[in-house]
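The residues making up each chain are set out below.
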Amino acid sequence: MNSSLLLTTNPRFPHPNFTSLTPFPPLIALRPSSVHLRRRRRLDISSSLSDRPSAAAVKPDVFGDKKELTGVQSLVDAMSPPVRIASSALIVAAAVAAGYGLGLRFGGSRNVAIGGAVAVGAAGAGAAYALNSCVPEVAAASLHNYVVECGDPGAVKKEDIEAIANRYGVSKQDEAFNAELSDIYCRFVSAILPPVSEDLRGDEVDAIIKFKNSLGIDDPDAANMHMEIGRRIIRQRLETGDREADMEQRRAFQKLIYVSTLVFGEAASEFLLPWKRVFKYTDSQVEVAVRDNAQRLYAIKLESISQDVDVSQLISLREAQLLYRLSDELAEDMFREHTRKLVEQNISAALSVLKSRTKAVQRVIEEVDKILSFNSLLISFKNHPDASRFARGVGPISLIGGDYDGDRKIDDLKLLYKAYVTDALSGGRMEEKKLAALNQLRNVFGLGKREAETIAMDVTSQVYRRRLQQAVSSGDLLNADSKAAYLQNLCEELHFDPEKAIEIHEDIYRRKLQQLVAAKGELSDEDVKTLEQIQIMFCIRKQTVEAAHADICGSLFEKVVKEAIAAGVDGYDAEIKKSVRKAAFGLRLTRDVAISIASKAVRKIFISYIQRARAAGSRTESAKELKKMIAFNNLVVTELVADIKADSADTPPPEEPSTKIEKEEVKIEEDEDWESIQSLRKSRPNKATTAKSGQKEINLKDDLPERDRADLYKTYLLFCLTGEVTRIPFGAQITTKKDDSEYAFLNQLGGILGLTDKEIVEVHRGLAEQAFRQEAEVILADGQLTKSRIEQLNELQKNVGLPPQYSQKIIKNITTSKLSAALETAAGRGRLSIKEIRELKENGIEVENMVSASLRENLFKKTVDDIFSSGTGEFDEEEVYHKIPQDLNIDADKAKGVVHELARIRLSNSLVQAVALLRQRNQKGVVNSLNDLLACDKAVPSKPLSWEVQEELADLFLVYLKSDQAAEKVARVQYLLSISDAAAEALRNAKDNGLPNGAKAEEEFVF
């Protein structure tokens, strides 16, 4: 801020002598001409802000003591205006008369008498002027004494002040009188503003406006006093070195700005209170000052709002908000914050009781009920018909932004919510009103739907279990006609999810089963009846019961199976067989469940064999590992499955006739493949091998992809075909072929890998196709299929054992690929014509699959170019636009565009070529070029062509005439060469006369 403002006269103050030149100036500067005003008590801003009088009753000493009048002022005070005027006239007249008499007496002449009258009259006039000049000061003193005598500023009346002015015959705009009015107003405003450490009470504005109206002071003069108070606050800020005191003075200045804005109104304050120009205080700072003080006042008003708020209080709040100039957004936030704090008090009280040792639950519920009642009251006010007159922010309570809005406090809210749910279910059922209250409480606490449901589900589950226990103990559930209806009614009373109830029933069954199994290690007939009774009472599904048995009983059975497997090939004796059978029967496991449990342990062993086979360094080592797996399956797993089936709790269902028929049909279809391929024939199971074959129920079908299982089978198949390879020093190897017994192991391996007959056939067929293809590619190296080669291929097919249809397919693929390469080469070198393409298509060869699209498009361009350069002058649109694109399998529209483009290029080139041949005296070439021109013109009709030497065009036409072409061709050439009818007739005559041009008979043009 500019410090020079503190030492200059206020430009807007009406009194020119009102200055601020001292460090602690009075509220009004002293006028040197007024002696009695020098005794006026000084009052600085610090003393005025230190006191905190109420707005209704300001201390009387704020305005100072009564002013004493001097002798002359007392005389003037005793005179009325008429008497004072008459006395002034009498004094002047008496002085003139006395001066005239004295001058005449002592001077002796009339001139001296007149001079004496003038001199003494002037002295009398001066005395009269002195008498009248102190009238405004006397009026000001009388005004001051009147305000002091009133004591209460509210007792000051505008009529009394006007009477004082009329009594002394002065105007309220008189300098001294107006200065006194401003002084009184300034003292009052300074006194009514609270100290820097206190906030506004809210009634200051009304008191200031009322006192201003009582004084009758004009707004500009009153505004000057507000600005003067602001100057003193700024001056004290500059003189204060303490940072904390500086902040206090800043707050005092903000309070002055806020009060001044409300006293004069926002519109008038813009030009009456130049904060920006005088104090460099921006509009934003003014807005902040108004906003902060309005919030403080509104916060004081909100302190009276409790949980028993009524309509009148909400209306009063709205009126206070408008009076304080507080925006709706801020008022809404403050009201919500206040209601949130009220609710937080209830929450804190409830939590303190809940976490204490006494745990008086009833007090906790009372606090929560207060929260719900308060929330319901606010919701009803929001839906009230006069809601627009209420304070902003009335509505449901939310804890967002408060002390309980955070992850640390959410557990406390959940604890409180759980306590309320527990109380709601204390009677053994959930009432509708309690359910609505819980939903409302969840919204107040800000709990997610899933979180609240989880809490309610935990509590309700415990109550449901207790109700079930009572129902079983009393026999109500057992004697109920419909167990399902009884359980459904129980869920409805508790508002419990039936799915969760089913989970509880299953848990009860599992606990009972686990208890019975743990006690004896098996299930007796009595235990089975007990479990059946529980299943019937709680309406447990059969699938659930089987799953429970598979889980609980299966874990015990799994231990027995693992011990049996761990015994290995040599250790699976009679004792282990007995333990397996006892466990399978005693635990009452079904055949499928028992096989499934055993399958898990067995498949892990199978996988370990597979891993070792994959990691082996050679095919022979891999085959040995696979053979070990086959032996393990035959000696251990097969016996294990047989023992499980012997004492299982159920028997397999009979196979349906339809399924039998389907299997027989599939078997008949696959018999042909089994008989055709030699390796398949050897590995096919027969009566001798079937009796020794291992089990196939436990396999790796779901553990390995089909491709991996086929590769493992193929590895062993190759071992069967090639035999065992033994490496000897110097890089040599010895192959020892096995007998056909290895193929029996191959068939068992297929069962372990879970391969179907179809998949096995595919492996054998693929291997045979691979062998046949390798030999066939050597035989058909050049792609030519002769009679001798056909005989070689037939012999190869019999040796490999590949069915004829597959060998023919391979032969066709080889010849087709060879032909495709030849066609690609011929098309790329331009040695393939459309005629040859059509011959290939007639022979059933799909040219579009053998020749790429780009080469077929190039072949089309070449064919069209040949047509345009054939010299016949013919162009068949059907052939070019439809047949050829169809034969080459290219787009007809695209082909048509290619034709048009070539025709345009060839058209101009044909004319140039014809002229060149004319100059070379090549008559036949000229005629062929002109025919090419006609062919291009038929594809793309052209306008008459131009040439620089017209005589050459005429010579071209003459040569074409001599070639005896068709009349329509001659006419079209005449049009294209721009030959007029007269010129054409002359050229025809020249032709008949043997002259080349119809004029000179030059011998060089006679062909």
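The coordinates are above.
Residues numbered from 1 in each chain as written. Predicted model: local features only at pLDDT ≥ 70, side-chain atom pairs only at ≥ 80, totals over all residues. Heavy atoms only, no water.

**Examining the packing of aromatic side chains**
Reasoning step 1: Per the stated rule, a full pass over the model turns up 11 aromatic pairs.
Reasoning step 2: Ring geometry for F606 versus F632: centroids 6.2 Å apart, planes at 90°, classification edge-to-face. Separated by 26 residues along the polypeptide, F606 in helix α26 (residues 591-615) and F632 in helix α27 (residues 619-646) bring together distant segments of the chain.
Reasoning step 3: On the accessibility criterion, F606 (0% relative accessible area) is buried.
Reasoning step 4: What links up through ring pairs into an aromatic cluster is the set F253, W275, F279 and Y281.
Reasoning step 5: The lysine or arginine in question, K896, covers the ring of Y881, its NZ or CZ lying 5.3 Å from the ring centre. (Phe/Tyr/Trp six-rings, centres within 6.5 Å; stacked < 30°, edge-to-face > 60°. Helix = DSSP H or I, 4+ residues; strand = E, 2+ residues; numbered from the N terminus. Buried < 20%, exposed > 50% of the residue type's maximum accessible area, 1.4 Å probe, protein only. Lys NZ or Arg CZ within 6 Å of the ring centre and 35° of its normal.)

**Structural notes on the pattern of salt bridges**
Reasoning step 1: Inspection of every chain in the model, using the stated rule, returns 32 salt bridges.
Reasoning step 2: The partner of R709 in a salt bridge is E759, with the nearest N and O atoms 3.8 Å apart. Here R709 is found in helix α31 (residues 706-722), whereas its partner E759 is found in helix α33 (residues 757-779), with 50 residues between them in sequence.
Reasoning step 3: Overall, the relative accessible area of 17% leaves E759 in the buried class.
Reasoning step 4: Put simply, R972 and D937 hold a salt bridge, and the shortest N to O gap is 2.6 Å. Taken together, the residues R972 in helix α43 (residues 967-976) and D937 in helix α41 (residues 923-939) connect sequence positions 35 residues apart.
Reasoning step 5: Taken together, the shared-partner salt bridges connect E228, R231 and R232 into one network. (Salt bridge = Lys/Arg side-chain N within 4 Å of Asp/Glu carboxyl O.)

**Things to note about helix α38 (residues 853-868)**
Given 3.6 residues to a turn, an α-helix orients residues that are three or four positions apart in the same direction.
Reasoning step 1: Along its 16 residues, α38 runs 23 Å from first to last C-alpha, staying within 8% of the 22 Å computed at 1.5 Å per residue.
Reasoning step 2: Buried within α38 we find L855, R856, L859, F860, T863, V864 and F868. (Expected span 1.5 Å × (residues − 1).)

**So, the packing of helix α23 (residues 542-566) against helix α25 (residues 574-586)**
Reasoning step 1: Where α23 meets α25, the axes come as close as 10 Å, and the angle between the chain directions of the two elements is 160°. The angle between α23 and α25 places the two elements in the roughly antiparallel class. For the crossing formed where α23 meets α25, the hand is left-handed. Of α25, the residues touching α23 (which contributes F557, V560 and A564) are I576, S579, V580, A583 and A584.
Reasoning step 2: Here the contact of α23 with α25 is built from residues that sort into 7 nonpolar, 1 polar and no charged. (Axes fitted to C-alpha atoms, helices over the stretch in contact; angles between N-to-C directions. Parallel < 35°, antiparallel > 145°, perpendicular 65-115°, else oblique. Left-handed = near helix turned anticlockwise from the far one by under 90°. Contact = heavy atoms within 4.5 Å. Nonpolar A, V, L, I, M, F, W, Y, C, P; charged D, E, K, R; others polar.)

**Concerning the packing of α38 against helix α40 (residues 892-919)**
Reasoning step 1: For the pair α38 and α40, the least separation of the axes is 10 Å and the interaxial angle reads 40°. One way to sum up the angle between α38 and α40 is to call them oblique. Read as a crossing pair, α38 and α40 show a hand that is right-handed. For the pair formed by α38 and α40, the contact residues are E857, F860, K861, V864, D865 and F868 on the first element and K894, A895, V898, V899, L902, A903 and R906 on the second.

**Considerations on unusual backbone geometry**
Reasoning step 1: The phi torsion at K280 lies on the positive side, around 60°, for a residue other than glycine.
Reasoning step 2: When you line up the elements, K280 lands in the loop between α11 (275-279) and α12 (283-302).
Reasoning step 3: By relative accessible area, K280 is classed as exposed at 55%.
Reasoning step 4: Even without being glycine, R325 reaches a positive phi, approximately 60°.
Reasoning step 5: Along the chain, R325 turns up in the loop between α13 (311-323) and α14 (328-354).

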